[in-house]
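Take a look at the letters that make up each chain.
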Amino acid sequence: MHTHPARPSIAGTPQRLFPLYLTPLEKLFYYDDRDSHPMTFVIRLELSGTADRRALQAAIEAALVRHPLLHANVRRAKRNRLCWVAGEGPGPTVDWADGTNSIVLERGERIDLTHETGLRVWGRQVLDKVEITMQFHHACTDGIGAYRFIGDVLAFYGLSTCGDEAAPKLSEVDVGRLRRRVDLQVELWPTKRYFAMMVRGLTQAWRVVSRRPARLFFKAAGAPPTASFPRFISAALDRDEHESLRENARGYGATLNELLLAILFRTLRDWRRDHQAARNAGRLRIMMPVDLRRSEDFNTPAACLTSYSFLTRDETDCDDAADFVPSIHRETQRIISQRAGLQFADAVAIGFKPPGVMRLVLNLPVSLATAVLSNVGDPARRFTSILPRRGGRVVAGNLVLDEVTGVPPIRPNTSAVFSIFTYRRRLVVSMACEAGRVSAEEAESVLATFVGNLRRCAAEGLAVAR
C-alpha cells in the first residue's frame, strides 16, 4: 500500500527564499489587474472517479511547498520595493459543493495579491465524475508553470490513493532557481547593456502601439455577463480531424500552431465581414505567448516565464491561400530563432524605469491585439512529475483525467482569447470574450465560426475558407 509522503510545512522553504523582488513581467501583470479585467487565468480538470477530498487538500498543500510563488503575497519589503513574501497559513482550501452548484466568488473574480495568495481551487462531484477548477494569478505563474503545479498535485494525490496500482513519480524541483528568473525575462539587463535594451524595447513598443489592430464588433456591447464563473466555452474536434489538420500543416511546410494562427486570422476576418457595420478592411493582430524557459530550466518551480510576440496582417492578406500559411511560418520561425519574446520583456523593463510611466501606459485605452491564441498542446506533457496512463488518460490514484480546458486572461479592448488543447489526441478549443461586451449567443457564434473553419480546413484544406 502506498501512503502519502511526509509533507514539509508550507512555511518552510519559502521562508528561506523570500522576500523576492518582482520581475518586470510580474510587475506588469500585478499592475495590469482590475476588477473588470482580472489578470487571472482558469484551468478546469474533468476526471472520472470519486475524489478523496482530504487527500486532494493534502496534495495541494504538498505541491505548494514545491511551487512557493503560488503561496505568496506581494508587499513592499527590501528597499521598500515590491516583493514576494511568504503567504500565511496552509494554502487555499478547496471549495467543495454539489456538482449542480455554480462557483460563487465571494471576493470577486480579481485576486488581490496583497491580501490573498494567487491560487483558488473549487471541486464539484457529480456521481462518479469530478470537476476541479483552478484560478491562478498571472503574476505568480504562466500556464506552463500552472501545469507543472497541477502535475505535482495529481502526483501527490496519486501517491496517497493508488493502493497497489502503479504510483506516480515526483521530479526534482530547484526552488533556488526562482532567484534567477529575471535573467530569463530580460536578456540585456544582466549584461548592463541598458542603451541597447532601451532601443530594442522602445522599438517593440512603437511597433505595437503605432499600428493599432481592429476589434470585433458585437451587437450586445455593454450587456452584463450571461455566464457563471468561469466564463469560457469549449468545442472539440475528433482525432481524425486533428490528424487531418496536422497533415495539412505539413503540406504547407508548417507546424500545426502556424496553421491554427492562419485559420484564426481567417476567422477574425470572416466575423468582421459578416458583422461589422463598416466594411472597410482592417488590420488584425494575434498575440501569441512565448515561453522563455531553456532546457536547463526544467526543474524551475511555477513562475511567470512567458512573454508575448505579435503577428499582424491586413484582412486582405488572408485571401492568398497559397502564401498565407508559409508567410506565418516564416514569421514564427523568426520569432523563435531571434527569441523575439525578449523584445516585449525588454519594453516592459524599460517602461518601469521611470516611476509611474508603465502604470500610466496600462491605463491608456490601447488595444494590443484583436485576439490571443495560446496553444497548450497536450497539457500532460507539461507535467514534470511522471504519472501512469490508461488508454491514453493520465491516472492519479483513484482518479482518471478525462479532459483539460481553460483560457488565459483577457485585457481591455482585446476581443477574444483562445486556448488549444490536444490531450488524448483530440483538439479542444476553449474561448472567452471580453465580459460585458458580448452576449452568450455571440460568443458561441465566434467559437462556432473558428471551429467551422478548422473543420473545413481538416476536410478540404485552407483554400476553401472564405
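Residues numbered from 1 in each chain as written. Predicted model: local features only at pLDDT ≥ 70, side-chain atom pairs only at ≥ 80, totals over all residues. Heavy atoms only, no water.

This brings us to the overall build of the protein chain. If you tally the helices and strands in the protein chain, you get 12 helices and 16 strands. Expressed as a percentage of its 466 residues, the buried residues of the protein chain come to 59%. Pairs at least 24 apart in sequence give 77% of the contacts found in the protein chain among residues at least 6 apart. Surface accessibility of the protein chain: about 19,700 Å² in total, with carbon and sulfur atoms responsible for 51%. (Helix = DSSP H or I, 4+ residues; strand = E, 2+ residues; numbered from the N terminus. Buried < 20%, exposed > 50% of the residue type's maximum accessible area, 1.4 Å probe, protein only. Contact = heavy atoms within 4.5 Å. Areas by Shrake-Rupley, 256 points an atom, 1.4 Å probe, with all protein chains shown as cover.)

This part is about the confidence of the model for the protein chain. Mean pLDDT for the protein chain: 88, with 89% of residues reaching 70 or above. Taken as a whole, residues 1–14 scores under 50 in pLDDT and shows 34 contacts with residues more than four places along the chain or in a different chain. (pLDDT = per-residue confidence, 0-100.)

Another point: the sheet that holds strand β2 (residues 40–48). Strand order in the open sheet formed by 7 strands is β5-β6-β7-β2-β14-β13-β12, and the pairing between neighbours is mixed. At either end of the open sheet lies a strand with only one pairing partner, and these are β5 (95–98) and β12 (389–390). As paired strands, β5 and strand β6 (residues 119–126) are joined by 4 bridges and run parallel to one another. Counterpart to Asp98 in the pairing with β6 is Gln125. Of the strands in this sheet, β5, β6 and β7 (129–137) touch helix α3 (residues 53–66), which is tilted by about 160° from β6. (Pairing = 2+ DSSP bridges. Axes fitted to C-alpha atoms, helices over the stretch in contact; angles between N-to-C directions.)

Within the secondary structure layout, Ser415 lies in the loop between β14 (399–407) and β15 (416–421). Reaching out from Ser415, the side chain makes a polar contact with the backbone nitrogen of Leu216 at a distance of 2.9 Å. Among residues more than four places away in sequence, those in contact with Ser415 are Arg215, Leu216, Phe218, Ala369, Thr370, Ile410, Ala432, Cys433, Glu434 and Arg437. (Polar contact = N/O pair within 3.5 Å; in protein donor to acceptor, adjacent residues only side chain to side chain.)

Another point: the packing of helix α8 (residues 256–275) against helix α12 (residues 440–460). Two numbers describe how α8 lies on α12: the axes approach to 9 Å, and their chain directions differ by 130°. The angle between α8 and α12 places the two elements in the oblique class. As for the relative orientation of α8 and α12, their crossing is right-handed in sense. For the pair α8 and α12, the contacting residues are Leu259, Leu260, Ile263, Leu264, Arg266, Thr267, Asp270 and Trp271 in the first and Glu442, Ser445, Val446, Thr449, Phe450, Asn453, Leu454 and Cys457 in the second. (Parallel < 35°, antiparallel > 145°, perpendicular 65-115°, else oblique. Left-handed = near helix turned anticlockwise from the far one by under 90°.)

Moving on to a positive patch on the surface. Taken together, the side chains of Lys78, Arg79, Arg81, Arg179, Arg180 and Lys353 define a basic patch exposed on the protein surface. Along the chain, the position of Lys353 falls in the loop between α10 (341–351) and α11 (357–362). (Patch = residues over 30% accessible without salt bridge, like charges linked within 9 Å, V, L, I, M, F, W, Y side chains within 5 Å. Salt bridge = Lys/Arg side-chain N within 4 Å of Asp/Glu carboxyl O. Lys, Arg positive; Asp, Glu negative; His and termini not counted. Charge placed at Lys NZ, Arg CZ, Asp CG, Glu CD.)

Given a rise of 1.5 Å per residue, 21 residues ought to cover 30 Å, and the 30 Å separating the end C-alpha atoms of α12 matches this to within 8%. All of the buried residues in α12 are Glu442, Ala443, Val446, Leu447, Thr449, Phe450, Val451, Gly452, Asn453, Leu454, Cys457 and Ala458. Buried residues belonging to α12 abut β8 (233–237), α7 (239–251), α8, β15 and β16 (427–433). Looking at the residues trailing α12, positive phi occurs at Gly461, about 100°. (Expected span 1.5 Å × (residues − 1).)

Before going further, it helps to spend a moment on the packing of α7 against α8. At their nearest, the axes of α7 and α8 sit 8 Å apart, and the two run at 95° to each other. If you check the angle between α7 and α8, you find them roughly perpendicular. Residues His242, Leu245, Arg246, Asn248 and Ala249 of α7 lie in contact with α8, whose contacting residues are Leu256, Leu259 and Ile263. Grouping the constituent residues of the contact of α7 with α8 by class yields 5 nonpolar, 2 polar and 1 charged. (Nonpolar A, V, L, I, M, F, W, Y, C, P; charged D, E, K, R; others polar.)

What follows concerns the pairing of β7. Counting buried residues in β7 gives 7 out of 9 residues, a clear majority hidden from the surface. Taken together, the 9 bridges between β2 and β7 define a ladder with antiparallel strand orientation. Looking across to β7, one finds that Ile43 is bridged to Met134. With 8 bridges connecting them, β6 and β7 associate as antiparallel partners. When the bridges of β7 are listed, Val121 appears paired with Met134. Linking β6 back to β7 in an antiparallel pair, the connection comprises 2 residues, with Leu127 at a positive phi of about 55°.

Another aspect to go through is the pattern of salt bridges. Summed over the entire model, instances satisfying the criterion amount to 31 salt bridges. Here Arg44 and Glu131 are joined by a salt bridge, their closest N and O atoms 3.5 Å apart. Here the residue Arg44 occupies a position in strand β2, and Glu131 occupies one in strand β7, the gap between them amounting to 87 residues. Classification of Glu131 by relative accessible area gives partly exposed; the value is 27%. If you follow the salt bridges from partner to partner, you end up with Arg177, Arg294, Glu296 and Asp297 in one network.

A cluster of nonpolar side chains, contributed by Phe195, Met198 and Val199, occupies part of the molecular surface with about 290 Å² of accessible area. When you line up the elements, Met198 lands in helix α6 (residues 194–210).

The next thing to look at is the packing of aromatic side chains. Applying the stated criterion across every chain yields a total of 11 aromatic pairs. Geometrically, the ring pair formed by Phe29 and Tyr308 is edge-to-face, given 6.3 Å between the ring centres and 80° between the ring planes. Remark: Tyr308 occurs in strand β10 (residues 306–314) and Phe29 occurs in helix α2 (residues 24–31); sequence separation between them is 279 residues. What makes Phe29 buried here is its relative accessible area of 3%. Judged by relative accessible area, which is 10%, Tyr308 ranks as buried. Judged by centre distance (5.7 Å) and plane angle (90°), the rings of Tyr308 and Phe344 are edge-to-face. Of this pair, Tyr308 sits in strand β10 while Phe344 sits in helix α10, and the two are 36 residues apart along the sequence. Both residues of the pair, Tyr308 and Phe344, count as buried. Ring-pair connections join several aromatic residues into one group, and the members of that group are Phe29, Tyr308, Phe310 and Phe344. Of note, Lys27 hangs over the ring of Phe352, and the distance from its end group to the ring centre comes to 4.8 Å. It is Lys78 that lies over the ring of Tyr21; its NZ or CZ is 4.4 Å from the centre. (Phe/Tyr/Trp six-rings, centres within 6.5 Å; stacked < 30°, edge-to-face > 60°. Lys NZ or Arg CZ within 6 Å of the ring centre and 35° of its normal.)

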